[in-house]
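# Structural overview for review
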Amino acid sequence: MQDAFDRYWTGIGEALDRAEARRLDVLAETTRFAPPFRFPTRDELPGDTTAATGLSLNDLGEYRGKQLLFLDLTRNPGTRTTKTFGSLAIILRAVEHTRVTGEPVMLVTPSAANKASALRDAVSHAYEVGLATPSTLRVSVVIPASGLPKVWASVLDDDADLQRLNPICVYGGEDREGVKPLVHGFVDNYAERLLDEYGVRVWDSLHVDNYMVADVIRAFAEADAWGVPQNPRLHVHAVSSAYGFLGHALGTEIRGGGAPARYLMVQHLATPDLVLWSHTGRIDEVDLPAYSYDPATNVYRQDESTYFPPTVESLHEIVEPTFYTRRPPTVERIADWLPGARDRGMVVSRQECLSRYDDVMERLAAHTHVRPIARPDDVREWAMIMALAGAMNAIDRGLVEEDEIVIHGSGYYGADDVGTRSEDSLTHVSSSADIADAVMSACRLTSA
């Protein structure tokens, strides 16, 4: 499918209407800016505006009697992640706001890496097709230093002015999630000043609805490719906050019909919060299985839970650095919208992903458009591998009763895809005031 937004424009419109109703419900309770959930009309957009929203659906064959289906959300060569879809939705809303009000928008987001890359890619594409200019739309991203190797180089890095207009702020603190309070502090303390002095609206776009409205296409594409399910399908996704599953559930509701979906959320041991919630209804590390250190093999072992790896190298093991969110704010929505996620979460280890790697690569090479990376050491994004490893582990352990398993391929890329950038294209920050300095410098540049 070359352009999912174009194909499902009407269904996305329904998702926008529902999100706008939620926005209006809380509008009086917040001082933060967020534009209406409205896009320009389809005939107002340049022809290639939504071209990056390609996806594909594939059959990966059977695994121990279970049919593996694959939803490939990594077709955009500028990101290779599902964040392309949500980022485009954000750009379209920002463009419509400027068209209606005349106010330029500065997007700002904390990100482990992938949201940052996708928003920068979407902004550069908007410039390219004439949907926006640096005077009307810009983006500032704030990432932990550990995420820098995952942030893609783009045309925004190729020009000194575009670099300053769209700053990459790098936070060197030990807590990767520390980028979130930094951005929140910047918005709370400086957004009004930027509006007063430069007429620029600052939009902190890290909100679940901003992505859900795009992720509804997962359910639409599933139904078109494989039919409305007569028996429950198990959907498997490596998640941090489960935005994608919430979007799929909304899309299923909009499309209607069929057996209710079931959801297997895959995480790593560094941030297993949604897995814990899935099995216990709460997020408390006391519910983790008791690992004990084995000095003979230099690993930690447990045999209490089949939903956790029997061995790990670290009790805080990171498989995919993008997954850094603790106590996700989406838990209440997951509880309300994803009843099929209870008692299904699974944690995978790095060694489990590595042990599955060759099998996964062979399946992807034989059945999909994914370009397999020969060496695991060259992989920069592990979400897709985590999902497949989690599904296979669950099948091996007799935890899957469904006959059809849909793998959500949300991200997979290597070092060669990311590219390189110079140190002088980065702005190192340690406070909200530092972010404000970078953003104000960008605003002064466009107002000069």
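Note that the structure is a prediction, hence the values are computed from the model and not measured.

## So, the overall build of the chain
Along its length, the chain carries 15 helices and 16 strands. In terms of overall dimensions, the chain is globule-like: its C-alpha atoms have a radius of gyration of 21 Å, near the 22 Å expected for 448 residues. For the chain, the C-alpha atoms occupy an extent of roughly 65 × 50 × 45 Å along the three principal directions. In the chain, buried positions account for 59% of the 448 residues. In the chain, the proportion of contacts linking residues at least 24 apart, taken out of those at least 6 apart, comes to 80%. Surface summary for the chain: the accessible area is close to 17,600 Å², and the carbon and sulfur share equals 46%. Each charge class in the chain can be summarised by its mean position, and for the 43 positive and 65 negative side chains these summaries are 1 Å apart.

## Points about unusual backbone geometry
Residue R80 is not a glycine yet carries a positive backbone phi of 60°. Along the chain, R80 falls in the loop between β2 (66-72) and α3 (83-101).

## Here's the deal with the pattern of salt bridges
Applying the stated criterion to the full structure yields 37 salt bridges. Residue D3 is joined to R42 by a salt bridge in which the shortest nitrogen-to-oxygen separation is 3.8 Å. Residue D3 is found in the segment before α1 (4-7), and its partner R42 is found in the loop between α2 (9-26) and β1 (56-63); the two are separated by 39 residues along the sequence. By relative accessible area, D3 is classed as buried at 16%. The exposure class assigned to R42 is partly exposed, which follows from its relative accessible area of 23%. Across the pair R18 and E253 runs a salt bridge, and its minimum N-O distance is 2.4 Å.

## Notes on the packing of aromatic side chains
The full count for this structure, using the stated rule, is eight aromatic pairs. Here the aromatic rings of W152 and Y413 are separated by 5.3 Å at their centres, their planes lie at 80°, and the arrangement is edge-to-face. Taken together, the residues W152 in the loop between β4 (137-144) and α5 (160-165) and Y413 in strand β15 (residues 413-414) connect sequence positions 261 residues apart. With a centroid separation of 5.6 Å and an interplanar angle of 40°, the aromatic rings of Y211 and Y243 are classed as tilted.

## Some points on the sheet that holds strand β11 (residues 311-312)
Spatially, the three strands line up as an open sheet ordered β9-β10-β11, and their pairing is antiparallel. Every other strand in the sheet has two partners, leaving β9 (292-294) and β11 as the edge strands with one partner each. Sheet topology places strand β10 (residues 299-301) next to β11; two bridges connect them, and they run antiparallel. Residue pairing in the sheet places R301 in a bridge with T311 of β11.

## Side note on the sheet that holds β1
Ordered in space as β1-β2-β14-β7-β8-β12, the six strands form an open sheet in which the pairing is mixed. Whereas interior strands pair on both sides, the edge strands pair on one side only; in this sheet they are β1 and β12 (346-347). Across five bridges, strand β7 (residues 234-238) lies against strand β8 (residues 262-267) in parallel orientation. In the strand pairing of β8, A238 is matched with V266. Helix α10 (residues 273-280) rests against β8 and β12 of the sheet, and its axis sits at about 140° to β8.

## Let's talk about the pairing of β7
Of all five residues in β7, five are buried, a share of seventy percent or more. Neither face of β7 is open: one carries L234, V236 and A238, the other H235 and H237, and all of them are buried. For the handedness criterion, the β-α-β arrangement of β7, helix α9 (residues 243-255) and β8 is classed as right-handed. Bridging between β7 and strand β14 (residues 404-409) involves three bridges; their strand directions are parallel. Considered in β14, the bridge of L234 is made with I405.

## Let's talk about the packing of α2 against α9
Between two packed helices, both the angle of their axes relative to each other and the distance between the axes serve to describe the pair. Two elements in contact, α2 and α9, have axes separated by 10 Å at closest approach and are oriented at 110°. As the angle between them shows, α2 and α9 are arranged roughly perpendicular. Within the contact between the two elements, α2 uses G11, E14, A15 and R18 and α9 uses L250, E253 and I254. Of the residues that constitute the contact of α2 with α9, the class distribution is three nonpolar, one polar and three charged.

## Focus: helix α12 (residues 350-367)
In this model, α12 (18 residues) spans 24 Å end to end at C-alpha, consistent with the 26 Å of a helix rising 1.5 Å per residue. Along α12, the largest kink reaches about 50° and is centred on Y357. Burial in α12 covers these residues: E352, C353, R356, Y357, V360, M361, R363 and L364. Against β1, β2, β12, β13 (379-381) and α13 (383-396) lie the buried residues of α12.

## Section: the packing of helix α8 (residues 217-226) against α9
Between α8 and α9, the least distance of the axes is 6 Å, while the angle of their chain directions is 55°. What the angle tells us is that α8 and α9 run oblique. When α8 is examined against α9, the residues R218, A219, F220, E222, A223 and D224 are found in contact with a partner set consisting of G244, H248, G251, T252, I254 and R255. A breakdown of the residues in the contact of α8 with α9 according to their chemical character gives four nonpolar, four polar and four charged.

## Section: α3
For an α-helix the count is 3.6 residues per turn, leaving residues at separations of three or four pointing the same way. Along its 19 residues, α3 runs 27 Å from first to last C-alpha, staying within 8% of the 27 Å computed at 1.5 Å per residue. Most of α3 sits out of view: 16 of its 19 residues are buried. One or two steps after α3, the chain reaches G102, where phi turns positive at roughly 85°.

Cut-offs used in this document
Residues numbered from 1 in each chain as written. Predicted model: local features only at pLDDT ≥ 70, side-chain atom pairs only at ≥ 80, totals over all residues. Heavy atoms only, no water. Helix = DSSP H or I, 4+ residues; strand = E, 2+ residues; numbered from the N terminus. Rg over C-alpha atoms; globule rule 2.2 N^0.38 Å. Buried < 20%, exposed > 50% of the residue type's maximum accessible area, 1.4 Å probe, protein only. Contact = heavy atoms within 4.5 Å. Areas by Shrake-Rupley, 256 points an atom, 1.4 Å probe, with all protein chains shown as cover. Lys, Arg positive; Asp, Glu negative; His and termini not counted. Charge placed at Lys NZ, Arg CZ, Asp CG, Glu CD. Salt bridge = Lys/Arg side-chain N within 4 Å of Asp/Glu carboxyl O. Phe/Tyr/Trp six-rings, centres within 6.5 Å; stacked < 30°, edge-to-face > 60°. Pairing = 2+ DSSP bridges. Axes fitted to C-alpha atoms, helices over the stretch in contact; angles between N-to-C directions. Right-handed = clockwise from strand over helix to strand, strands pointing away. Parallel < 35°, antiparallel > 145°, perpendicular 65-115°, else oblique. Nonpolar A, V, L, I, M, F, W, Y, C, P; charged D, E, K, R; others polar. Expected span 1.5 Å × (residues − 1). Bend = angle between axes of the 7 residues up to and from the residue.

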